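# Observations on the three-dimensional arrangement
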Amino acid sequence: MAGGGFATSSGGGTEFEAKITPIVIISCIMAATGGLMFGYDVGVSGLVIGLIRNYNVLALDQHMYRWRDSNARFLEKFFPVVYRRTQDKGLDSNYCKYDNQGLQLFTSSLYLAGLTATFFASYTTRRLGRRLTMLIAGFFFVVGVILNAAAQDLAMLIIGRILLGCGVGFANQAVPLFLSEIAPTRIRGGLNILFQLNVTIGILFANLVNYGTAKIKGGWGWRLSLGLAGIPAGLLTLGALFVVDTPNSLIERGYLDEGKAVLKRIRGTDNVEPEFLELVEASRVAKEVKHPFRNLLMRRNRPQLVIAVALQIFQQFTGINAIMFYAPVLFDTVGFGSDAALYSAVITGAVNVLSTVVSIYSVDKVGRRVLLLEAGIQMFLSQVIIAVLLGLKVKDHTDNLSHGYAIFVVILICTFVSAFAWSWGPLGWLIPSETFPLETRSAGQSVTVCVNLLFTFVIAQAFLSMLCHFKYGIFLFFSGWVLVMSFFVLFLVPETKNVPIEEMTERVWKRHWLWRRFMDDAYADEETGKGDGTGKNNGHAKGFDPDSQL
């Protein structure tokens, strides 16, 4: 039974009939639980920083003494150096009290492991399919959760963390591709963003769990925090067992009849011949590519590669880490006291989730570029104003931020988080997953995930030190990057809404004022040496055409 229907037009005038079928919705929801696991891992990483922050901010609170009995053992057991630092009453710097390389390494080790795993995930995604790659991710998640929850020493904790990172690498490789390929063109953006929605829900869930388990007496609350990651891990594993693989993947691996049958099921119609033939042709071209990573570097694939890499770098340089880290401190200043961490998690987490829902609704209506450009203005102004207020009111060892100013800064934080959640958060994953041609799609997604995790690692490893040295200037640093990335989107990122994945070259890249120069016929057979190599534009205009961006 279908929930609705529509037809999508292709560049050549062909119409791909497709209905919004239950199997598509259920498959996308199950697959997107990979984002839930990723989000929970990111959120639970705040457990250690949360312990240190609470030690420094709430040391004299009676509630804190009960809390110490519960979780002091975690710091003392796994991070004794950090624990001793929390006992140093002389360290009261507003910006430097959290600066510790060991702590940063614990947080960032997950991303380093994911970075390495994504190269293997590229192979499994192409050879074994999207579904089996998600199943492998689920296996890594489950084993990693067990080791973390049962950890007896730091080595066991780190090994579990590394396995979780491997799960992140495999999940982030397979899930966005799965969602983009199985979804009908008209709602591809919205369904793909289910991944990011689950990331935000996972972060919110982890923050609430961290706050609750911190109050458990007996010193085992941290095990519960780490162990509850088994819920999203189990959901992803079960989901991977029951969902169907994408027609693109089945056809690419030679299962034509099965691919056509699945295409009929997910489209809710028997009239799939035009789309099926297009997928078969794309698969034929893909099989001619023996070295997909080398093929990525060819001239005609550079636009997709440049945009995919740039989006991942820019996503990490929006400053979302600075905003989310400093939020609890501001909530404490406003007067929430020992509940500052809870209110920070609930309010910013709720804004994050709701704004991602806005993105799901609007991304296929207003387009990717509009969301990115509007959010750029919103994030830039928020960060500049926050930097000015903190620079004037919050010094290294004094805090003169009044209640009114603190409330205003909290509003600015929510403004920033909402902009990120409906733009760079989800679209940083969506756009790369829908722009690479089939022959380089797995390799392209692998590079996308690798770059994202690499710069997540860099930011996670350097952020606390940057906060210590830049102080309030860290917000100006990131606002400058927001300005740069907004101009990048304005001139170089084309609109991809409502365009079938296999027609991106004809309908997007060949119509862009700059990227069409890389799509010249002279380079169509570059790997066989048939192009003339002149790099001429073959009569295309070289000026900037704003209409081609809309």
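In this text, all values refer to a predicted model and were calculated from it rather than measured experimentally.

### Topic: the overall build of the chain
A tally of helices and strands in the chain yields 25 helices and two strands. Across the chain, every contact between residues at least 6 apart in sequence was considered, and the portion connecting residues at least 24 apart equals 78%. Summing over all exposed atoms, the chain offers an accessible surface of approximately 21,000 Å²; the carbon and sulfur share of this is 65%.

### A look at the side chain of Thr21
For Thr21, the location among the structural elements is in the loop between β2 (15–19) and α1 (22–31). Within the local environment of Thr21, its side chain forms a polar contact with the backbone oxygen of Ile266, the two atoms lying 2.8 Å apart.

### Points about the nonpolar core
Looking at soluble globular proteins, one finds that nonpolar side chains tend to be buried together. By size, the foremost hydrophobic cluster in this structure holds 66 residues, and its most contacted members are Met134, Phe141 and Ile266. If you tally residues by element for this core, the top one is helix α8 (residues 154–182), at 12 residues. In terms of nonpolar packing, the next biggest core, distinct from the first, is built from 62 residues, Ile320, Cys414, Phe475 and Trp513 among them.

### Here we look at the packing of helix α20 (residues 368–393) against helix α24 (residues 473–492)
At their nearest, the axes of α20 and α24 sit 9 Å apart, and the two run at 160° to each other. As summarised for this structure, α20 and α24 are arranged roughly antiparallel, according to the angle between their axes. As α20 runs across α24, the sense of the crossing is left-handed. Only Phe475, Leu476, Phe478, Ser479, Val482, Leu483, Ser486, Val489 and Leu490 of α24 make contact with α20, whose side of the interface consists of Arg369, Leu372, Leu373, Gly376, Met379, Phe380, Gln383, Val384, Ile386, Ala387 and Leu390. Partitioning the contact of α20 with α24 into residue classes produces 15 nonpolar, four polar and one charged.

### Here's the deal with the packing of aromatic side chains
Scanning all chains against the criterion turns up 14 aromatic pairs. With a centroid separation of 6.1 Å and an interplanar angle of 75°, the aromatic rings of Phe195 and Trp429 are classed as edge-to-face. Here the residue Phe195 occupies a position in helix α10 (residues 194–213), and Trp429 occupies one in helix α22 (residues 424–435), the gap between them amounting to 234 residues. Ring centres of Phe314 and Phe488 lie 5.4 Å apart, and the angle between their planes is 65°; on these two criteria the pair is classed as edge-to-face. With Phe314 in helix α17 (residues 302–316) and Phe488 in helix α24, this residue pair connects regions lying 174 residues apart in the sequence. Phe314 gets classed as buried once you look at its relative accessible area, which sits at 8%.

### Considering the pattern of salt bridges
Applying the stated criterion across every chain, the model contains 14 salt bridges. Across the salt bridge formed by Arg130 and Glu181, the nearest N and O atoms sit 2.7 Å from each other. Placement of Arg130 in helix α7 (residues 130–149) and of Glu181 in helix α8 is noted, with a sequence separation of 51 residues between them. Residue Glu275 pairs with Arg267 through a salt bridge whose shortest N-O separation is 3.0 Å. With respect to burial, Glu275 and Arg267 carry one shared label: buried.

### Overview of a nonpolar patch on the surface
A cluster of nonpolar side chains, Ile377, Leu381, Ile385, Ile407, Phe408 and Ile411, forms an exposed patch at the surface whose accessible area comes to about 520 Å². Every element with two or more residues in the nonpolar patch is listed here: α20 and α21 (403–421). One can find Ile385 in helix α20.

### Points about the packing of α8 against helix α23 (residues 438–470)
The interhelical angle for the contact between α8 and α23, taken along N-to-C directions, is 135°, at an axis separation of 10 Å. Comparing their axes, α23 and α8 come out oblique. Considering the relative orientation of α8 and α23, their crossing is right-handed. Together, Val168, Gly169, Asn172, Gln173, Pro176, Leu177 and Glu181 of α8 and Leu438, Arg441, Ser442, Gln445, Ser446, Val449 and Leu453 of α23 make up the contact between the two elements. Grouping the amino acids of the contact of α8 with α23 by side-chain chemistry returns six nonpolar, six polar and two charged.

### With respect to the environment of Met504
Structurally, the position occupied by Met504 is in helix α25 (residues 504–507). Taking the C-alpha atoms as reference, Met504 lies 8.1 Å from Phe436; in sequence the two are 68 residues apart. Setting aside residues no more than four positions away along its own chain, Met504 makes contact with Arg188, Glu434, Thr435, Thr496, Val499 and Trp509.

### Focus: unusual backbone geometry
For residues other than glycine, phi is negative in most cases, and the peptide bonds are mostly trans. The phi angle at Lys471 is positive, at roughly 55°, despite the residue not being glycine. Mapped onto the elements of the fold, Lys471 is located in the loop between α23 and α24. A relative accessible area of 25% means that Lys471 is categorised as partly exposed. In this model, Asn498 sits at a positive phi of 60°, which is unusual for a non-glycine residue. Along the chain, Asn498 falls in the loop between α24 and α25.

### Section: α22
Taking 1.5 Å as the rise per residue, α22 with 12 residues should run 16 Å; its terminal C-alpha atoms sit 16 Å apart, in good agreement. When we look at burial in α22, the residues that qualify are Trp424, Gly425, Pro426, Leu427, Gly428, Trp429, Leu430, Ile431, Pro432, Ser433, Glu434 and Thr435.

Definitions and cut-offs
Each chain carries its own residue numbering, running from 1 in the direction its sequence is written. Local features in a predicted model are, by the rule used here, given only for residues with pLDDT of at least 70; side-chain atom pairs are given and counted only at 80 or more, and totals for whole chains, interfaces and linings are based on all residues. Processing note: side-chain calculations cover all non-hydrogen atoms of the structure and skip hydrogens and water entirely. Labels follow the DSSP assignment, with helices taken as runs of H or I lasting at least four residues and strands as runs of E lasting at least two, numbered in each case from the N terminus. Between two residues, a contact is recorded if the distance between any of their heavy atoms is within 4.5 Å. In these tables, accessible area is a Shrake-Rupley quantity obtained with a 1.4 Å probe, and a residue counts as shielded only by the protein chains included in the view. Throughout this description, a polar contact denotes any pair of N or O atoms lying within 3.5 Å of each other; where both atoms belong to protein, one of them has to be capable of donating a hydrogen while the other can accept it, and for residues adjacent in sequence the pair is counted only when both atoms sit in side chains. Working definition of a nonpolar core: buried Ala, Val, Leu, Ile, Met, Phe, Trp, Tyr and Cys residues. They are joined through side-chain atoms within 4.5 Å. Each residue is placed in one exposure class: buried if its accessible area under a 1.4 Å probe, protein chains only, is under 20% of its type's maximum, exposed if it is over 50%, and partly exposed if it falls in between. All axes are obtained by fitting lines to C-alpha atoms, using only the stretch in contact for helices, and the reported angles, taken between N-to-C directions, cover 0 to 180 degrees. Just so you know how the angles are binned, under 35 degrees is roughly parallel, over 145 roughly antiparallel, 65 to 115 roughly perpendicular, and the rest oblique. With the far helix as reference, a near helix turned anticlockwise by less than a right angle produces a left-handed crossing, and one turned clockwise produces a right-handed crossing. Residue polarity follows a fixed list, in which Ala, Val, Leu, Ile, Met, Phe, Trp, Tyr, Cys and Pro are nonpolar, Asp, Glu, Lys and Arg are charged, and the others, Gly among them, are polar. Pairing of aromatic rings covers Phe, Tyr and Trp, the last through its six-membered ring, and needs centres within 6.5 Å; plane angles under 30 degrees mean stacked, over 60 mean edge-to-face, and all others mean tilted. Whenever Lys or Arg places a side-chain nitrogen within 4 Å of a carboxyl oxygen from Asp or Glu, that contact is recorded as a salt bridge. Note that patches include only residues with greater than 30% relative accessible area and no salt bridge, and the join distances are 9 Å for like charges and 5 Å for nonpolar side chains (Val, Leu, Ile, Met, Phe, Trp, Tyr). Helix span, expected: 1.5 Å multiplied by one less than the number of residues in the helix.

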